[in-house]
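Now for the letters of each chain:
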Amino acid sequence: MGKIYVIGLGPGDEKMMTAQAADALSACDVVVGYKVYIDLIRDMCAGRELIESNMRQEQKRCETCVELAVSGKNVALVCSGDAGVYGMASPLLEVAAKAGFDDIAIIPGVTAALSGAALLGAPIGHDFCVISLSDLRTPWEIIEKRLRLAAEADLCIVLYNPASHKRADYLERACRILMERIDGNRSCGYVKNAGRDGTIRKVCTLGELAGEEADMFTTVFIGNSQTYIKNGRLITPRGYDIQ
Ligand code: SAH
């Protein structure tokens, strides 16, 4: 029997991949993943079998991994960022448990909340939460509730999946919900294409954020009530009395 490595590749730049992830990749015979992610590591995959899949074939992708491992191959299932954050770690574990297969290693990666935060300064220097705006598998009412309660709790909020072709206005909708409880002057920011070509970073207010255009590679940051902008960077204080 082979082993399955579920690997978080980080945001894209090879230098932002952990050494453990690179080692696991080189220990594999087959690399399985969404085409866009395989593109990020194609150079590192010479001599390996590549199985590239499209979006929305997640269960099939996991079943393929289990079949390959049972047939004796070491398999890398790759995701961007961290595999456990809106990634393939949980579906793979569910599919593998059903099949009675358990030789699995989950290799962590730098998730977009962390690579994006670093580009913006220190926006998540205090308690924070991450919320995905994708209502593909989560009812929108639950997303709204989480936004309201996160605002109520004065958490720094990181929004994943703020837009797609079909959900062009979701970021604006989310900002309007947050503005029921948060002032439009709240310090915010977003990052596009962290660790990839075409990186964009921007700091702005919550009111301005509502009019910004997000895409599938955008991660959005909403500060807490203490967050401020200094020299173009977001700072969420930890509470030190810095003179
Ligand atoms: N597993 C990934 C998240 C997958 S969900 C991770 O841990 O990062 C997809 C969402 O992640 C995107 O809509 C975007 O919000 C965010 N994202 C992924 N890669 C990104 C990048 N390079 N720059 C900015 N945001 C990114």
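Only a predicted model underlies this, so the values are computations on that prediction, with no experimental measurement involved. Every chain's residues receive numbers from 1 upward, in the order its sequence appears when written. This being a predicted model, a pLDDT of at least 70 is required before a residue's local features are given, and a value of 80 or more before pairs of side-chain atoms are given or counted; all residues contribute to the totals for chains, interfaces and linings. Remark: hydrogens and water are excluded; side-chain values derive from all non-hydrogen atoms of the structure.

Explanation requested: helix H1 (residues 19–26) in the structure shown.
Since there are 3.6 residues in each turn of an α-helix, residues three or four apart along the chain are aligned in direction. Regarding H1, the residues found buried are Ala21, Ala24 and Leu25. Taken end-on, H1 shows its buried residues confined to a sector of 100°, consistent with a single buried face. Of the residues in H1, the exposed ones pointing more than 90 degrees away from the buried face are Ala19 and Asp23. On its buried face, H1 is in contact with strand E1 (4–8), strand E2 (30–34), helix H2 (35–41), strand E4 (75–79) and strand E5 (104–107). For each residue, the accessible area found with a 1.4 Å probe, counting protein chains only, is set against the maximum for its type, and the residue is called buried under 20%, exposed over 50%, and partly exposed in between. A helix here means a DSSP run of H or I that spans at least four residues, while a strand means a run of E at least two residues long, and both kinds are numbered starting from the N terminus. Directions pointing from the helix axis toward each C-beta atom define the arc. Any two residues whose heavy atoms approach within 4.5 Å at even a single point are treated as in contact.

Any chance you could explain a nonpolar patch on the surface here in plain terms?
Patch membership requires over 30% relative accessible area and the absence of a salt bridge. Like charges are linked within 9 Å, and nonpolar side chains (Val, Leu, Ile, Met, Phe, Trp, Tyr) within 5 Å. All accessibility values rest on the Shrake-Rupley procedure with a 1.4 Å probe; residue burial counts only the protein chains present in the view. Salt bridges are identified by distance alone: a Lys or Arg side-chain nitrogen within 4 Å of an Asp or Glu carboxyl oxygen. A surface patch of nonpolar side chains, about 350 Å² in accessible area, is lined by Tyr86, Leu114, Phe128 and Val130. Mapped onto the elements of the fold, phenylalanine 128 is located in strand E7 (residues 128–132). Judged by its relative accessible area of 38%, phenylalanine 128 falls in the partly exposed class.

It is not clear to me how the packing of aromatic side chains should be interpreted in this structure. Could you clarify?
The geometry of an aromatic ring pair comes down to the distance between the two centres and the angle between the two planes. Stacked, tilted and edge-to-face pairs are distinguished by plane angle, under 30 degrees for stacked and over 60 for edge-to-face with tilted covering the rest, among Phe, Tyr and Trp rings (Trp via its six-membered ring) whose centres lie within 6.5 Å. Tallying each qualifying case throughout the model produces three aromatic pairs. Geometrically, the ring pair formed by tryptophan 140 and tyrosine 170 is tilted, given 4.9 Å between the ring centres and 55° between the ring planes. Placement of the pair is tryptophan 140 in helix H6 (residues 140–152) and tyrosine 170 in helix H7 (residues 170–178), with a sequence separation of 30 residues. Tyrosine 170 sits in the buried class, given a relative accessible area of 9%. Positioned above the aromatic ring of tryptophan 140, the side-chain terminus of arginine 173 is 4.6 Å from the ring centre. Charge-over-ring placement is defined geometrically: NZ (Lys) or CZ (Arg) within 6 Å of the ring centre, and within 35 degrees of the ring normal.

Before we go on, may I ask you to explain unusual backbone geometry in this structure?
Glycine aside, residues mostly have negative phi angles, and peptide bonds mostly take the trans form. Of note in this structure, tyrosine 86 is not a glycine but carries a positive phi near 50°. Here tyrosine 86 is to be found in the loop between E4 and helix H4 (89–99). Backbone geometry at aspartate 154 places phi at a positive 55°, although glycine is not the residue there. A relative accessible area of 31% places aspartate 154 in the partly exposed class.

What exactly am I supposed to notice about the site of the ligand here?
Lining the immediate environment of the ligand, one finds 19 residues, of which Val85, Thr111, Met216, Thr218 and Thr219 sit closest. Within the backbone of valine 85, one N or O atom sits 2.7 Å away from a nitrogen atom of the ligand. Interatomic distance of 2.7 Å between a side-chain N/O atom of threonine 219 and a nitrogen atom of the ligand. Bound to the protein, the ligand loses 94% of the 550 Å² it would expose on its own. When residues are grouped by polarity, Ala, Val, Leu, Ile, Met, Phe, Trp, Tyr, Cys and Pro land in nonpolar, Asp, Glu, Lys and Arg in charged, and all others, Gly among them, in polar. Residues belonging to the shell around the ligand are distributed by class as follows: 10 nonpolar, seven polar and two charged. Residue assignment places the shell around the ligand across two domains, with domain 1 (4–107) and domain 2 (112–235) each supplying three or more. The criterion for a residue being near a molecule or strand is simple. One of its heavy atoms has to lie within 4 Å of it. Whenever a nitrogen or oxygen atom comes within 3.5 Å of another N or O atom, the pair is scored as a polar contact, on the condition that within protein one atom can donate a hydrogen and the other can accept it, and that pairs from neighbouring residues in sequence are kept only if both atoms are in side chains. Where each domain starts and ends follows an automatic or database-derived domain assignment.

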